[in-house]
Each structure stands twice: as structure tokens, then as C-alpha cells.
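Spelled out, the chains give:
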Amino acid sequence: MSKSKALHYGAKKKPDYGRKQSYRFSRRALLVGGAQAGLFGLLGWRLHQLQIKEASEYRLLSDENRMMVQLAAPSRGSIRDRTGALLAEDKENLRLLVLPAFCKSLPETLDKLSHIVPISRGTRDRIRRAAVRQSGYHPVLVAEGLTWRQFALLNVLAPQIPGLRTDRSAYRKYHHARPMAHLVGYVGMAGKEEVDLDPVMRLPGFRAGRSGVEKTFDEQLRGTPGTQKFEVDSRGRVVRELGATPSTPGKDLVLSIDHHLQTVAQERLKEHRVASVVVLDVETGGILALASTPTFDPNDVVFRVDPKAWGRIARAKDQPLQNRAIRGQYPPGSTFKVVTALAGLHAGVIEPEETMRCPGVYRLGRARFRCWKSHGGGINVHEAIKQSCDVYFYETAKRMGIDHLAAVARHLGLGRIYDCGLPGQKEGIIPDVAWKRTHLMQPWYGGETVIAGIGQGFVSSTPLQLAVMAGRVATGRAVLPKLVLSPDDPDPEWPLLQLDPRHLDIVRRGMIGVVNEPRGTARRSALKIPDVLMAGKTGTSQVVNAYNEHKLSPYKRETHALFVAYAPADKPRYAAACVVEHGGGGSSAAAPIVKDVMTEALLRDAAKSPAFAGTSAETISGQIAVVGDGG
Amino acid sequence: MLFAQAPAVKQDLVKKLLSLNWPFLALVTAIVLVGVAALYSVAGGSFEPWASRQVIRYCVGLALLFAVAFSDIRWWLKGAYPLFLSALVLMALVPLIGVESGGARRWLGFGDLSFQPSEMMKIAVVLAIARYYQWLAPQKIWRPDALIPPLLMIGVPALLALSQPDLGTAALFAIIGAGMMFLAGVSWFYFAGAITGVVLALPHAWEMLHDYQKERVLTFFDPDRDPLGSGYHILQSKIAIGSGGLSGKGFMNGTQAQLNFLPEKHTDFIFTMFSEEMGFVGAIVLLALYLLALVFITFMALSCRSMFAKLVAGGMGLTLFAYVFINVAMVTGLVPVVGVPLPLVSYGGTSMLTMMIGLGFVLNAHVNRRVTFRQAELGGLW
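Thresholds, definitions, all that
Residues numbered from 1 in each chain as written. Chains lettered and ligands numbered in written order. Predicted model: local features only at pLDDT ≥ 70, side-chain atom pairs only at ≥ 80, totals over all residues. Helix = DSSP H or I, 4+ residues; strand = E, 2+ residues; numbered from the N terminus. Buried ≥ 20, exposed ≤ 12 C-beta atoms within 10 Å, placed from the backbone. Contact = placed C-beta atoms within 7 Å. Pairing = 2+ DSSP bridges. Axes fitted to C-alpha atoms, helices over the stretch in contact; angles between N-to-C directions. Core = buried A, V, L, I, M, F, W, Y, C linked by C-beta atoms within 7 Å. Domains from an automatic or database assignment. Parallel < 35°, antiparallel > 145°, perpendicular 65-115°, else oblique. Left-handed = near helix turned anticlockwise from the far one by under 90°. Nonpolar A, V, L, I, M, F, W, Y, C, P; charged D, E, K, R; others polar. pLDDT = per-residue confidence, 0-100.

It is worth spelling out the overall build of chain A at this point. Along its length, chain A carries 25 helices and 20 strands. Expressed as a percentage of the 631 residues in chain A, the buried residues total 44%. Look at the contacts in chain A between residues 6 or more apart in sequence, and 73% of them connect residues 24 or more apart.

In this section: the overall build of chain B. Of the regular secondary structure elements, chain B holds 14 helices and three strands. When burial is assessed residue by residue, chain B has 47% of its 382 residues classed as buried. Of all intrachain contacts in chain B linking residues separated by at least 6 positions in sequence, the fraction that spans at least 24 positions is 70%.

Turning next to the sheet that holds strand 11 (residues 275-281) of chain A. Residue and element names in this part refer to chain A. The strand order across the open sheet built from five strands is 12-11-20-19-18, with neighbouring strands paired in antiparallel fashion. Only two strands of the sheet have a single partner each, and these edge strands are strand 12 (287-293) and strand 18 (535-541). Neighbour-to-neighbour, the strand axes of the sheet open up by a mean angle of 5°, direction not taken into account. With seven bridges joining them, strand 18 and strand 19 (residues 560-567) adopt antiparallel strand pairing.

This brings us to the nonpolar core. In this structure, Val277, Val278, Val279, Ala470 and Ala576 of chain A are the most contacted members of the largest nonpolar core, which totals 122 residues. Each of domain 1 (68-255) and domain 2 (323-601) of chain A contributes no fewer than three residues to this core. Those residues in contact with valine 277 of chain A, other than ones at most four positions away along the chain, are Ala265, Leu269, Ala289, Ala291, Pro463, Ala576, Cys578, Ile593, Val594 and Val597 of chain A. In this structure, Ala51, Tyr133, Val186 and Leu286 of chain B belong to the second largest nonpolar core, which totals 116 residues.

All names here are of chain A. In the contact formed by helix 15 (residues 337-347) and helix 22 (residues 501-516), the axes pass within 9 Å of each other and the chain directions differ by 150°. Considering the angle they form, helix 15 stands roughly antiparallel to helix 22. The hand of the helix 15/helix 22 crossing is right-handed. Contacts from Val338, Ala341, Leu342, Leu345 and His346 of helix 15 reach helix 22 at His503, Ile506, Val507, Gly510 and Met511.

As a further point, take the interface of chain A and chain B. Each partner contributes to the interface: chain A provides 41 residues, whereas chain B provides 46 residues. Where the side of chain A that touches chain B is concerned, the elements lending two or more residues are helix 2 (17-53), helix 3 (55-64) and strand 1 (67-72) of chain A. When residues in the side of chain A that touches chain B are grouped by element, the largest group, 23 residues, is from helix 2 of chain A. Among the residues making up the side of chain A that touches chain B, the classes are represented as 18 nonpolar, 14 polar and nine charged.

This part covers the environment of glycine 282 of chain B. All names here are of chain B. Following the sequence through the fold, glycine 282 ends up in helix 12 (residues 270-303). Accessibility expressed as a C-beta count within 10 Å gives 21 for glycine 282, which makes it buried. Along the chain, glycine 282 and glycine 248 lie 34 residues apart, while their C-alpha atoms are 7.9 Å from each other. Filtering out sequence-adjacent residues up to four positions away, glycine 282 remains in contact with Gly248, Phe274 and Ser275.

All names here are of chain B. Of the residues in chain B, 85% reach a pLDDT of 70 or more, and the chain-wide mean stands at 84. In the predicted structure, residues 1-6 sits below a pLDDT of 50 and forms zero contacts with residues beyond four places in sequence or in another chain. Of the two predicted TM-score estimates for the complex, the pTM is 0.60 and the ipTM is 0.90.

Shown next, in the form of C-alpha cells:
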């Protein structure tokens, strides 16, 4: 060893302090090491004392020492419609759980339980796997949704079957489920980010709103959890309750929706593949119906979920989870002519009595823009709206320019998201010069103004936006949609639109003409109720262009059918919008739906009856009022 | 050529890689894995939220360990005093601008990051004392005036830690410092004198303690004083360990831990949970792993030529020992609860990283065991 060599050769007469120090280090390091080993020996002796000599004493203490704290999930607030009908509520869910650590033998316990509750082989596998994977003190779910009979039997048997536990949690039940699915939404296990924000969400049985109103108002609906303290014996059975802090249930919500009208609307949409319809109360802004087809049953996705069924819903071709009424963005087509007419009159580029000639085609430079038919001469604003003449609005849009048109469109409520409690709304597009520069980094071309005049090109809107536009034209006020009713809210006083009432009147008369006068495009959809007129505007928006014409299937090539309306024409109360995706002409596909839904709305006249006010006492008086009405 | 020097550097690195003490590294990894399994069990059989993050921290720590182990030992010799001084300044800043958490100011916040200067000091104090004895003439070691610098190096950080207040860290500085001075060759007589002094000063120190610290010490001597207050931890911990018996209650089946009787069961009291589930056998095996690691460190320290490397390795060994001993003694009720984690096993990023860096220095000393220093080649500043 080099060290020992160094020792021999390095030893000289003079004392070598460095070497001496080095040896001293070695000696002391071994000494310190020995001391460390000795102290570890002390620890070992201590462990021996605790774990071997006094083990039985501590084991006894540990067995006595079983206090369990359980968090009690609060019950979630219910959701009702304006008549007080339940749309979503918490139902009691009776569950059977096992604590594998306390079972004498897990398969035996399951055998015993299967006399009362059927346990499939798949469930058995799942329980066995869970018992192996997690700690034996974590309860494993065996069955839920038990009947009272099963629950009572299990509770009687509990003392004889160690490790068995029953509890009462809650699940979410949706009523009028399919028509309300998009609006009310559904609940699910909390996502990762929600768990990070609030660890309580990790509790089994705790649910968070995943879509619709359930999502927007999740915090109010959720409530706060309480705790329960139990003393349990060595087999995990509750000896006594040591105290509890109660959970606070979530707040209830009342929606402006009328479930009856909503159901009628949903039924009426059924014949189409993808369609949606919105009905607003134009005085309060309350949404009375907002239906979208295809739809789904939220009960299938919240309780005893079958993963296959969920996969079918989530991956279905026409995407039933999507709420078309707020997420479908369509070129508004001729329904946008209402905006163009108002904007033209407001800008002063057209006079009410000014007439134009429609030769069936409009020329701008070398470009040609076609009208859907040749209307001939003598077309003024009224006739142009009524007969939906494209040439008239091409010229109007060209005269005023895109920025003015866009400003009026936004003033009528298009191109924005409403703060009404519906999550996931799309904004749509109301294009102008600045928009195109920032989003496409291109200059604006004159031809684009021309086609924007008939609601084509870049323009797009959602059905909800179109209904708001109809409501604003009908009332002349800046109506905003509202979904949640609260008793303290006074009826809103919407501000007047910054438009000349005479201009609004001209456009309204045009819209009345569309439905009620000869040559009106929606004449066949006039209401059958005596003395009540509906005003409306059809739209048939083109989907194909030179680029995609050959790529699309025949269905996808078909035009979208649109219709916006309000009624009664003389004293507007309801506004509606309907879009049938690839449904063909607005007058043939969309207008009949609005006619039927509007008729239903007018006959029920839900907006006039008092809305449900919340507490149970008032529920009863509300029912009496309804009965009285019927009589 | 762009990489003209690459082969030489590579050879150097290969040499360093070969000279690394791989069995020791495997031992450290084994201890960390025991900890990950324990954290998996604490979470009720889940990698979330602790075990997975602990693995990530170990990986980060491993990268730091390699970086330190393969760095040039001369940098550290040169940088020992500057590092110590900056750690001292940061520790002094804590009471002024630190973040308060759980009744004590120990952290410095930088935006989202927080940082505990006393952790940095645990490394810096070892380097500084080793640096001091590297060039202290051996014949001067016994002289009283040569004791003043190392005593200041220990005393000032310890007092700063006490003022935070962090009794555990202060005790750690004292143990490491005294141990290193002993290793460096300070006379026995001084130690005998110091022990006498401490015994005499104890009543005065008692007066200086905070109320909660007094309470802890009192309940340590008599846990039944307050079985639901501060004595609760010790009592529950002892019940858990004792009820584990010879072979334990089985992985993930510790009733005390799983039914939530243990406080801090994933951090300071993880040894309790481990010995409840794994029993006496498991606890002894874990302690044996630590002891084996300490034996490795002692032999690595002995193999070094320079005093600096010897003392760095020895000092880090003392740190590891002090941590393990205080933690296990604390949870078994041998010493009062002072809040010291079980190194490499307890959940916590700071202590894991500090320990891995410290072990990096041990390996660095071992890689450079044949290196000797001449004062001249390092430049004159210190």
C-alpha cells in the first residue's frame, strides 16, 4: 500500500506534523465511526424495546385507538325551470362498501353479500384488484343504487360480517333530461385542476359541473362539506359517533326556461339531423327555450356510467354533446338583411321610398353577384326585405361600406358572447377592415362588403345571437339574454337602441310582410291564431364556394336554413331564431319550426305567468296558480 | 478543429466516472427507493401526491450530485469562504425579508421559488471548516487562538438558526462543527471543557428557549402531560412503532398511519409509519443501510490525501449521521421533537437536494482522493 510505504520512507528525524495530523484524523475518524455505530446501536435497542418487549402493550393501545374522520359531501342544489318543475336534483344513493383489511376473507365476504346484492364476476375482479392495489383501509365500492330493502337487510347483517359498510351518498338525477341536456349540463368527477384548487374535490362522491348551468354556477350549487367523527372498533365497525359538523347544501337555481316549451321545441327539431331553436322573452331577456338536436340523456353519463355508452355519445358523428344554439356559428344569410337595411337607413345611403331594379345579377367591376331570382323593377326597402332581394342589399352595403354595417350589427347584439350563464358560447364573426387586418393580415376588398350585405362571406352568428337581434329589432331596446331568475332582480329596463324609431318601423313592417303579405318568402308559415301576426325573416345561407365544392358530401353541400322572428307583431313579447344545418331553404325548413314553436309560446304565454320563487311554501302556491289558470 | 480538445476531456471524464464510488451510489438509491415505497403506502397505495414527486426530486438531486462529484475540487477549496459568507448574509436577511410559514421565518422567496438559506449553510459550514484546517499549520491546532475562527463559523450560523427559531438546525450545526473539529485534531481537553461548560450553561439556555420549545422539552420527559397537545405526536408515534412488533402490520396496512393518527407521516414521522408497517426487522434493515452508507463515507474520508477532502467527506458523513440519529431518536421518543427529516426518505424537496449535494461532495472528495494542494497555485486571496 502506498500509504504504508509513505510511512516508512517519510519517517525522518524531525517530527512531521502533517503526517501526524493525518494519522490522528484516521484514528479519530474510526473513533467517530465507532461512536456512530454505537449510537445506532442505541436506536436499535430502543426499537427492540418498543417493538419486541413492549409490543403487546402498544398493540393494545393501537387497537383501541381508532377514530375515523369522514368528510360528508354536501347535497348539491337543485335546478328548476320557471314553473318550478325540477330539472336536476340530488337523489339518495344507497351504497355498499367493503374494507378489505377488516374482512376475514374477501371472497367469502363477497359470497355472503351476493345473497342480498347480486355481484357480477367483473365487479368481483374489480374489488379484488382494488383491494390489492390500495391500502386495505380504503373502502372499496361493491354496489350502489341499492333498494331500501337491500339496504335494510345489509344493515341488519352488518354485525355478523366484519368489514362491511353501508353509506348514503347522493347521485344526480335529471328530469326532462333529453331536451334540457345542453342547457342544464351534467356533473362529473372533478378534474385535476379543480382538485388542485380545492382538495375536498378528491372525495369520492363529490361532483363538479362539467357543462351547461351545472358548470357555470358550480360554486353556488356545490355547497360546503361537513365532517363526521366516529369511533370504530378493531374490526372497523362504528362504535359511536363522536360528533359532526353538518355540511351546507348548495343553493337552488331557478331558470327562465319553460320546460314544456323546451320539450315542444326539441320534439319539433327531431326530424332534422342537426338543428337548433331559441325563444326569448324580449321584455326580460329570459331564455324560454333553447333546444339543440341531436341531444343525449345526461342521466347516462352521471350515474352508473357505462363507459361504452359514454364513448358512443362522445364520439357520435353529429356530436350530440355540442349545444348548437350557442356553439354553432353559421353565416346568417338573408336574416342579416334586417341589419343591412337598418344600417343603410341609419347611414342615409338609402331612402325609404327609393326603388331599385333587380335584373337577377349585380356587377361590381368585373365581378358578378347573383340574386336568387330576378325581382324586376320597383324594389324599395319594404319589398326588398319581404322578397329578400339580394341586389338591393348588395348595393346598400356597397354604398355604406363594411365598417358602418359592422357597427350596426354589433349594436344589434351580434358578434359577442353574453354573460347569461351558458358556458362555451361562440362569438361569431362580424367582420370589418380592422378585423381582417388583425386576423388574416390582409386588406379588405369591396366584393367582401357586397356579400357581407346579405350575410355571407366572413359573417357568422350563433342562433342565440340571431334571436337577440330579432328581439332588439322588435323592441328597439338593447335586450340581453338571461337564463337564471332570482327573486330579488327587478325586471330589467333595457336601454334604447341608438337607431331612429322610424327606421326600425320600416324594417319591422318589412318583416311582417315576409310572413303575412303576398310574395313574402315565409307566407306559408303565417300563424293560425286569429288577430296575432308574426314578423320574421328567412335566410338560406350558402355553404359551398369555389374551393370546397368538390370535397363535400351531398349533405354537407346543402344550404343552411335560417329563420328569425318575433310575435305578436304589434306588441312584441317573444323572439325566436332557428337554424337547420344543411336543411335547405329557410322558408321551407326553418320557418315552419319557428311557426310551431312560436304558436306554442303564444298559447302558453309563459312569460306572463309569475315565475317560480324558490321556497317550498311558494311551490305550492305556484301550483295552485297554475291550476287556477287552467280552470 | 472545433473539438480539438474533446478526446482529452473525454478521457478525463471517463477516468472520473470509473473512479466514482458506484456501490455507494447504489446504496443511496436503495435508501431512496425505500422512501418512495413508504410514500406510496402513506398515500394509501398511490404514487400521487408524494411518491411520484419524490422520484422526480431524486432525479434532480442525482443530476446535482453528479455535477458536484465531477467538478474540480480546487474550485470548492477556493470558493469555500465566499460561499460561507454569502450563506451567512442570506441567513441574516431571512428575519428581515423572509417568508413566514408555520410560525417561523426560515424561507427566502424569489417569486414562485422559495429557498432556505440554512440548507445552503449546512453545506457551506462543512466546506469552510475543512478549508480552515487545510492550511492551518498542524503544530498550531492545539493553540486556543486557532479555535476562534472555527467556533465563529459554527456559532454565528447556529445563533442565526436559533433566532428563526429552528432548534433542530442549530443543534445540527453544533454537532457537525464539533465533530469536524474533533476529526481535525483539536485536543481532547477542549472537548472535555466544552461539555462541562454546556452542563453549567444549561439552566441559562433554558431561560432563552421559546415557550413552545420549553413545552416540547417538558412533554418529552413526560408525554402524558398533554396527550392531545404536543405530547400527542410522541405518544402516537410510539404506539405506531410499538404495535408494529417484530414483522410489522404489512405494507400499506399500518392502522395508525392509514387511519390518520400520525401527524406529518409523510415527512418527519415517516420512519414511524415505516416501522409500523415493516416491523422491527424492516426498521433495523433501514438503519443498517444508513450505517453501511456511513461506513462507506468513513472509508472514503480515510482514503483522501488532503486534509480538505478528508474533512469534507467526514463532515458530510457527520451531517447524514446527525440527521438520521436525531430523526429516529425523535420518533422513538429518545429526544424531544425538533422537526428534523429522515434524509433521503422523508418527503421534501429541500432536504433531499441538500443531502444529494452533500453526498456529491463526499464523492468529489473520493474522486480527488490523490489530489494535494499547494497554496501558491490557488492564488493568494484567502
